[in-house]
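For reference, the chains in residue letters:
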Amino acid sequence: MNQISTFERIVRGLLIALVLLFFLFPIFWILLMSFQTNEQILRIPPSLFFEPTLQNYVALLTGRLQTAAGNLDIAFMRNLGNSLLLSTSSVLLALALGVPAAYAFARYKFRLGESIAFTLLSFRFAPPLLVLLPLSLFFRQLHLTDTYIGLIWVYQLICLPLILWIVRGYFEDISPDIEHAYRISGHGWWKTFRKIAIPLARPGIAAAGLLAFIFAWNNFIFALILASASKQPVTVGALAFVTASGIQYGQIAAAIVLSVTPTLLLALYAQRYLVEGLSLGAVKG
Amino acid sequence: MAQLALGNVSKTYRPRGKEQVQAVKRVSLDVKDGEIVALLGSSGCGKTSMLRMIAGFEEVTEGTIRIGGKEIHNLPPAQRDVAMAFEGYSLYPPLKVRENIGFALLRERGASADIEKRVSHIAELLEITDILDRYPTVISAGQQQRTSLARALIRRAPVSLLDEPMSQLEPQLRAILRARLKDYLIEHKMTTVFVTHDQTEAIALADRIAVMEKGELQQFGTPAEIKQSPSNLFVASFIGEPPMNIFDAAIASEGNAVAISGLGPNGEPAFRLNAPMEAANGKRVCLGIRPHLIEIGANGSADATGRVITNHWLGDQSHICFEIGGCSVVGVTDKPIDARAGDALPVRFPLGAVHLFDAESGRALAHGLGQR
Ligand SMILES: Nc1ncnc2c1ncn2[C@@H]1O[C@H](COP(=O)(O)OP(=O)(O)O)[C@@H](O)[C@H]1O
Ligand SMILES: [Mg+2]
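Parameters at a glance
Residues numbered from 1 in each chain as written. Chains lettered and ligands numbered in written order. Predicted model: local features only at pLDDT ≥ 70, side-chain atom pairs only at ≥ 80, totals over all residues. Heavy atoms only, no water. Helix = DSSP H or I, 4+ residues; strand = E, 2+ residues; numbered from the N terminus. Rg over C-alpha atoms; globule rule 2.2 N^0.38 Å. Contact = heavy atoms within 4.5 Å. Areas by Shrake-Rupley, 256 points an atom, 1.4 Å probe, with all protein chains shown as cover. Lys, Arg positive; Asp, Glu negative; His and termini not counted. Charge placed at Lys NZ, Arg CZ, Asp CG, Glu CD. Patch = residues over 30% accessible without salt bridge, like charges linked within 9 Å, V, L, I, M, F, W, Y side chains within 5 Å. Salt bridge = Lys/Arg side-chain N within 4 Å of Asp/Glu carboxyl O. Buried area = accessible area lost by both parts, 1.4 Å probe. Polar contact = N/O pair within 3.5 Å; in protein donor to acceptor, adjacent residues only side chain to side chain. Nonpolar A, V, L, I, M, F, W, Y, C, P; charged D, E, K, R; others polar. Pairing = 2+ DSSP bridges. Axes fitted to C-alpha atoms, helices over the stretch in contact; angles between N-to-C directions. Expected span 1.5 Å × (residues − 1). Near = heavy atom within 4 Å. Buried < 20%, exposed > 50% of the residue type's maximum accessible area, 1.4 Å probe, protein only.

Here the focus is the overall build of chain A. The number of helices and strands found in chain A is 12 helices and 4 strands. Against the 2.2 N^0.38 benchmark of 19 Å for 285 residues, chain A shows a C-alpha radius of gyration of 24 Å, more extended than a compact globule. Across its three principal axes, chain A shows a C-alpha extent of roughly 75 × 70 × 30 Å. Within chain A, contacts between residues separated by at least 24 positions form 72% of all contacts whose residues are at least 6 apart in sequence. Working note: accessible area of chain A is about 15900 Å², and carbon and sulfur atoms make up 72% of it. Here chain A contributes 19 positive and 11 negative side-chain charges, whose respective centroids are spaced 7 Å apart.

As structure tokens, this is what we get:
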């Protein structure tokens, strides 16, 4: 069907390889670094050939970091657990709140509706520190500082607007008459929402959920200010690798590899739904 | 299977930040049990709005809607017992055509074998059997439309609402399906309101036609009534193909009879008819006559002489456009007429075929003159 000359094919392959190299090389390099000792990493010139070592991973898993200045305790695994807990529960909560809200904003025009939606979005405009300083005072009074609940709550500032606005757009793209056709056959509002609206918006929900997860996972400042060591996620915990005796590149690389894994797995999983959205094509019909 | 009554129903849309639109204005309509009613009108006259109010997707701004005597306009759509085929088809993309049609029935707890049977029956009726296992996104617009129609018909609901159910079909298929649809609706005694802007379809399918314009109900009657005694100028010129000839006219009273002068563009008389009736002297009216009823080439007593502008033989009828004293007139005959542009033709306006309308309000004054 499509007539592509060999030349075109070669050029295309080269270009794709270039793009992949550009994006994937740093990740690949970090993967290599995670299997090297600090000395191997820092030698000049750098080399692709080395004897791989698992000592970085062992240090992270056991929580004992051996540096030139002696042993150091790090709570990386705990941080990773915190990250997982915080991001997952924040996204789930934001989905539970945001998807019905997005549906309401898309389908029903009510007084102040636009203003409320915009206010929610505007949380994303303000520099986080500006929001955080007053918030930390409130949190102290409410005894929410350094609690998971408090953190999940502030994480809604990141997740909720994102989910609300992306999913709302998807709901708006679905012709309301598809739902009407279902409702008129005798089904109630709630069943229509579950059986028709949600499945049709699933690609949007998957995309929004994934994005929210990434944003929550990468958040640094909220937990830095509002949580102590025991509740901090990897982003904050990674500061521990900058030790008095130098920066532990090997462990950092291993930590990065470990902390990227959950997001990567989630992205691979969510991809199914993202692609499903494309193949469904014109929902508007 | 139930009667439907609209009482003074109005609909006003108030879009945010835009001017409000009065889409339906005080429409009253009584649809009998098992009756098929067409809503006929040009685009934007409020037909879809009417159906959506009956179905419950738009609130009624004013007025009442009853089905089987019960007020339903405040009930949610699920409790109204109506079925609807949407103008935009609105099929559910993740489901196959078969499931789209069947899901309307799932709630009625029929045995699934029974549902299967009904689906294949309705599919056969609408010629979509061979696409039952495809998905809505890969079938043509006409097939989508028939699927949507099938989804509404299969329910045999007490009231069925069909919004332009066959607008996407090619003419031959449309004619076949029209007949089948009518049989189906009659067989199951389904009270049906369908929207169309195709008058042939309305006349062929409907027991009664509701003609709408600018949100107002113009006339509600049988196809024959609408054709023979249009209630106003709008209905007169909207129904009929080619449309009715309309002239400005003045009436001069002469004892028991009147002389009606058709006026040319400058107000001077173009032709004159004498009719045995009474009317106010000097009254301004509009005179209408359908193209088929003008007698062209009449021997003997001609009312006027027309100068031929065009003359087309369409294979089964002639459309002749001619000019009388500055008025252009269209006539239709079922025989070819031997006349070329510029020729003079004797023309007769049979009094029985003449309609008179009030020049200001447009209301009908008389259908056929001198036949009281
Ligand atoms: N949701 C809406 N908001 C505002 N105006 C509307 C809406 N739906 C229809 N209208 C207006 O109401 C009028 C009637 O529309 P509609 O009932 O769709 O006409 P029809 O089906 O006869 O073509 C049109 O002028 C249209 O622009
Ligand atoms: Mg319409």
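Moving on, there is more to tell.
So, on to a nonpolar patch on the surface. A contiguous nonpolar surface patch, about 740 Å² in accessible area, is contributed by Ile16, Val19, Leu20, Phe22, Phe23, Leu24 and Ile27 of chain A. Along the chain, Leu20 of chain A turns up in helix α1 (residues 6-33).

A few words on the interface of chain B and chain A. It is common to give the size of an interface as the accessible area lost on bringing the parts into contact. Taken together, the contact between chain B and chain A spans 23 residues of the former and 21 residues of the latter. A combined buried area of about 1900 Å² lies between chain B and chain A, and 62% of that area is made up of carbon and sulfur atoms. In this assembly, chain B and chain A are joined by 1 salt bridge. A salt bridge links Arg52 of chain B to Asp177 of chain A; its shortest N-O distance comes to 3.0 Å. Scanning the region where chain B abuts chain A turns up 4 residue pairs in polar contact (both at pLDDT 80 or more). When contributions to the side of chain B that touches chain A are tallied by element, the ones reaching two or more residues are α1 (47-55) and β6 (82-85) of chain B. At 3 residues, β6 of chain B tops the list of elements feeding residues into the side of chain B that touches chain A. Considered class by class, the residues forming the side of chain B that touches chain A number 15 nonpolar, 3 polar and 5 charged.

A few words on the sheet that holds strand β7 (residues 159-163) of chain B. All names here are of chain B. If you walk across this open sheet you meet the 6 strands as β6-β7-β8-β3-β9-β10, and the pairing is mixed. Two strands close off the open sheet at either side, each with one partner strand: β6 and β10 (216-221). The average angle at which neighbouring strand axes cross in this sheet is 15 degrees, direction not considered. Two strands pair when backbone bridges link them, and β6 and β7 are joined in this way by 4 bridges, in the parallel orientation. By the bridge assignment for β7, Met84 is matched with Leu161. Set on the sheet, helix α4 (residues 141-153) makes contact with β6 and β7; between it and β6 the angle comes to about 175 degrees.

Next up on the list: the sheet that holds strand β11 (residues 245-254) of chain B. Residue and element names in this part refer to chain B. Read across the sheet, 6 strands follow the order β13-β12-β11-β14-β20-β21 without closing on themselves; strand pairing throughout is antiparallel. Lying at the two open borders of the sheet, with one neighbouring strand each, are β13 (269-275) and β21 (364-367). Between one strand axis and the next, the sheet turns by 30 degrees as a mean value, whatever way the strands run. In this sheet, β21 lies alongside strand β20 (residues 354-358) in antiparallel orientation, the contact comprising 3 bridges. Each residue of the ladder has a partner; that of Leu356, found in β21, is Ala366.

With that out of the way, let us pick up helix α5 (residues 171-187) of chain B. Over its 17 residues, α5 of chain B extends 24 Å from the first C-alpha to the last, a length consistent with the 24 Å expected when each residue adds 1.5 Å. Considering only its buried residues, α5 of chain B is in contact with β3 (36-41), α3 (112-125), α4, β8 (191-196) and α6 (199-205) of chain B.

Residue and element names in this part refer to chain B. With respect to spatial proximity, the complete set of residues near ligand 1 consists of Tyr13, Pro15, Val21, Ala23, Ser43, Gly44, Cys45, Gly46, Lys47, Thr48 and Ser49. A distance of 2.9 Å is found between an oxygen atom of ligand 1 and a backbone nitrogen or oxygen belonging to Lys47. One of the side-chain nitrogen or oxygen atoms of Thr48 is found 2.6 Å away from an oxygen atom of ligand 1. Protein contacts shield 64% of the accessible area of ligand 1, which totals 560 Å² for the unbound molecule. For the shell around ligand 1, the secondary structure elements donating two or more residues are β2 (21-31) and α1. Ranked by residue count, the leading element in the shell around ligand 1 is α1, at 3 residues.

In this section: α4 of chain B. Between its first and last C-alpha atoms α4 of chain B spans 18 Å; for 13 residues at 1.5 Å apiece the expected length is 18 Å, and the two agree. The buried fraction of α4 of chain B is high, at 11 of 13 residues. For α4 of chain B, the secondary structure elements touched by its buried residues are α8 (176-184) of chain A together with β6, α2 (97-102), α3, β7 and α5 of chain B.

Bear in mind that shape data such as this cannot, by itself, settle questions of function.
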